[in-house]
Amino acid sequence: MNAQTVQPAGKARLDKNMKAVVKTFKRRWNAPLAGYLFIAPWLLGFLILQLWPIIQSFYLSFTEYSLLEPARWIGLKNYQDIAHDRLFFNSLKVTFLYVIASVPLKLLVALAVALLLNRNIRGISFYRTIIYLPSLIGGSLAVAVLWRNIFGLNGFINQLVILVGIDPKNWIGTPSTALGTLVLLTAWQFGSSMIIFLAGLKQIPSELYEAASVDGASPLRKFIRITLPMLSPVILFNLIMGIINAFQMFTSAFVVTNGGPVNSTEMFALFLYNKAFGSLQMGYASALAWILLVIIGIVTALNFIASKYWVFYETETEGRK
């Protein structure tokens, strides 16, 4: 075989390889392009309605801006003013108290209800639906108004305490009890967390409980030794989401108490709202928003760091074996 015969064969093989490369490149290009076209509506919405306002907010936090006049660059003055604002620290204190009280209570109620609904009894699907229905409107204005009427001076709660011989009390108008009414409202909105807990309970193998029963374990011991460890990733998820939502709580505080009495329920988000739309201090409010973002980020990070001491994953268990 001479060189002239080898050369066309090599050239043909090279052409074939090039065509395969081009075909693969086209296939890889067309697939992401189609994907990007499908997500284009969401992507445009994210860029225009979320990312751009975030960038604008960061810029405005270094300006003096009242919506009526152009923004004026003032550097770190907003943050310096916040550091000396007594109402800012009051809202921070109220918000942390609310988070510390409401999030664990909501998780406990959600887990308790999920355990009750995780039973094979007749009509359990109906019971789950009925219990979850209030959560569909749990964060609405109508429920907040209803809650204000229930705890009002002539509300349902006072009608009950009168029946047992106790003097009625203005629960919403008293600084010592106003925040507690908002905590109870949050605990009542347990539906979403309950559904997630219920899904987690369904994933726990029944063989574990059967083996524990054979060993003579009590229901409480099964709950502590099996249910809680197996459910710990779900608890972490609900805990993180509950903390984030609690730090941003606005509707209930605005409608039920409007921050009163004497700023005892003025949450951080409500304080931010009053600065932005009450005083038209948009630059100041933007700085508050970024401070809230940092606080939520730090608290979330601390929870993730601490989770390695109490959250157990199936993959980690298998790795230890």
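Residues numbered from 1 in each chain as written. Predicted model: local features only at pLDDT ≥ 70, side-chain atom pairs only at ≥ 80, totals over all residues. Heavy atoms only, no water.

Peer 1: Any chance you could explain the overall build of the protein chain here in plain terms?
Peer 2: In terms of regular secondary structure, the protein chain is built from 14 helices and two strands. Scored against the burial criterion, the 321 residues of the protein chain give a buried share of 35%. Within the protein chain, counting contacts between residues at least 6 apart in sequence, those at least 24 apart form 67% of the total. For the protein chain, the accessible surface area stands at approximately 20500 Å², while carbon and sulfur atoms represent 67% of it. (Helix = DSSP H or I, 4+ residues; strand = E, 2+ residues; numbered from the N terminus. Buried < 20%, exposed > 50% of the residue type's maximum accessible area, 1.4 Å probe, protein only. Contact = heavy atoms within 4.5 Å. Areas by Shrake-Rupley, 256 points an atom, 1.4 Å probe, with all protein chains shown as cover.)

Peer 1: Help me understand the pattern of salt bridges in this model?
Peer 2: Pairing is possible between side chains that carry opposite charge, provided their charged atoms lie close to one another. In the structure shown here, the tally under the stated rule is two salt bridges. Between Arg-72 and Glu-64 there is a salt bridge, with its nearest N and O atoms 2.3 Å apart. For Arg-72, a relative accessible area of 48% corresponds to the partly exposed category. Asp-81 is the partner of Lys-77 in a salt bridge, and the nearest nitrogen-oxygen pair spans 3.0 Å. Here the residue Lys-77 and the residue Asp-81 both occupy positions in helix α2 (residues 77-83), the gap between them amounting to four residues, near one helical turn. Its relative accessible area of 42% is what places Lys-77 among the partly exposed residues. (Salt bridge = Lys/Arg side-chain N within 4 Å of Asp/Glu carboxyl O.)

Peer 1: Please explain unusual backbone geometry as it appears in this structure.
Peer 2: Of all residues except glycine, most have a negative phi; of all peptide bonds, most are trans. The peptide bond linking Gly-260 to Pro-261 adopts the cis configuration, its omega dihedral lying at -10 degrees. Tracing the sequence through the fold places Pro-261 in the loop between α11 (251-257) and α12 (268-278). A positive phi angle is found at Leu-67, which is not glycine, with a value near 75 degrees. Summarising the element assignment, Leu-67 is placed in the loop between β1 (63-64) and β2 (72-73).

Peer 1: Explain the confidence of the model for the protein chain here, please?
Peer 2: Interpreting fine coordinate detail is not advised for predicted regions of low pLDDT. The pLDDT averaged across the protein chain works out to 86; a share of 87% of its residues lies at or above 70. Counting contacts from residues 1-6, a segment whose pLDDT is below 50, to residues more than four positions away or on other chains yields one contact. (pLDDT = per-residue confidence, 0-100.)

Peer 1: Can you help me understand the packing of helix α3 (residues 86-117) against helix α7 (residues 175-188) in this one?
Peer 2: Helix-helix packing: each pair is described by the crossing angle between the helix axes and the interaxial distance. One way to put it is that α3 packs onto α7 with a least axis distance of 8 Å and a crossing angle of 35 degrees. You can see that α3 and α7 cross each other, and the crossing is right-handed. The segment α3 lies against α7, with Val-94, Leu-97, Tyr-98, Ala-101, Ser-102, Leu-105, Lys-106 and Val-109 engaging Leu-179, Leu-182, Val-183, Thr-186 and Ala-187. Its residues assigned to classes, the contact of α3 with α7 comprises ten nonpolar, two polar and one charged. (Axes fitted to C-alpha atoms, helices over the stretch in contact; angles between N-to-C directions. Left-handed = near helix turned anticlockwise from the far one by under 90°. Nonpolar A, V, L, I, M, F, W, Y, C, P; charged D, E, K, R; others polar.)

Peer 1: How do you make sense of the packing of aromatic side chains when you look at a structure like this?
Peer 2: To describe a pair of aromatic rings, you give the distance between the ring centres and the angle between the ring planes. Enumeration according to the criterion identifies 16 aromatic pairs in this entry. Centroid distance Phe-62 to Tyr-79: 5.6 Å. Interplanar angle 45 degrees. Geometry classified as tilted. Taken together, the residues span a long stretch of sequence, with Phe-62 in the loop between α1 (3-60) and β1 and Tyr-79 in helix α2 at a distance of 17 residues. What makes Tyr-79 partly exposed here is its relative accessible area of 23%. Seen from their ring centres, Trp-147 and Trp-188 are 5.9 Å apart, and the 35 degrees between their planes marks the pair as tilted. (Phe/Tyr/Trp six-rings, centres within 6.5 Å; stacked < 30°, edge-to-face > 60°.)

Peer 1: So what exactly am I meant to see when it comes to a nonpolar patch on the surface here?
Peer 2: A cluster of nonpolar side chains, contributed by Leu-44, Leu-47, Ile-48, Leu-49, Leu-51, Trp-52 and Ile-55, occupies part of the molecular surface with about 710 Å² of accessible area. Here Leu-49 is to be found in helix α1. (Patch = residues over 30% accessible without salt bridge, like charges linked within 9 Å, V, L, I, M, F, W, Y side chains within 5 Å.)

Peer 1: I'm lost on helix α5 (residues 141-150) in this one. Help?
Peer 2: For the α-helix, the turn length of 3.6 residues means that residues three or four positions removed from each other point alike. Restricting attention to buried positions, one finds in α5 the residues Val-143, Ala-144, Trp-147 and Ile-150. When α5 is viewed along its axis, its buried side chains cluster within an angular range of 120 degrees and face the same direction. Along α5, the residues that are exposed and aim more than 90 degrees away from the buried face are Leu-141 and Ala-142. Residues of α5 that are buried sit in contact with α6 (156-163), α7 and α11. (Arc of directions from axis to C-beta.)

Peer 1: I keep staring at the packing of helix α4 (residues 124-136) against helix α8 (residues 191-202) and nothing clicks. Help me out?
Peer 2: Look at α4 against α8: their axes get within 8 Å of each other, and the N-to-C directions meet at 140 degrees. Along its contact with α4, which presents Arg-128, Ile-131, Tyr-132 and Ser-135, the element α8 presents Gly-191, Ser-192, Met-194, Ile-195, Leu-198 and Lys-202. Counted by class, the contact of α4 with α8 contains five nonpolar, three polar and two charged residues.

Peer 1: In this structure, what is going on with the environment of Ala-285? I would like to understand it.
Peer 2: Along the chain, Ala-285 turns up in helix α13 (residues 282-307). You can call Ala-285 buried: its relative accessible area is 5%. Among all residues touching Ala-285, those that are not within four sequence positions of it are Leu-272, Lys-275 and Ala-276.

Peer 1: Help me understand the side chain of Asn-158, please; the structure alone is not making it clear to me.
Peer 2: Looking at where Asn-158 falls in the secondary structure, it is placed in helix α6. Looking at Asn-158, its side chain comes within polar contact range of the main-chain oxygen of Leu-153, at 2.8 Å. The contacts of Asn-158, once residues within four sequence positions are left out, are Gly-152, Leu-153, Pro-168, Lys-169 and Trp-171. (Polar contact = N/O pair within 3.5 Å; in protein donor to acceptor, adjacent residues only side chain to side chain.)

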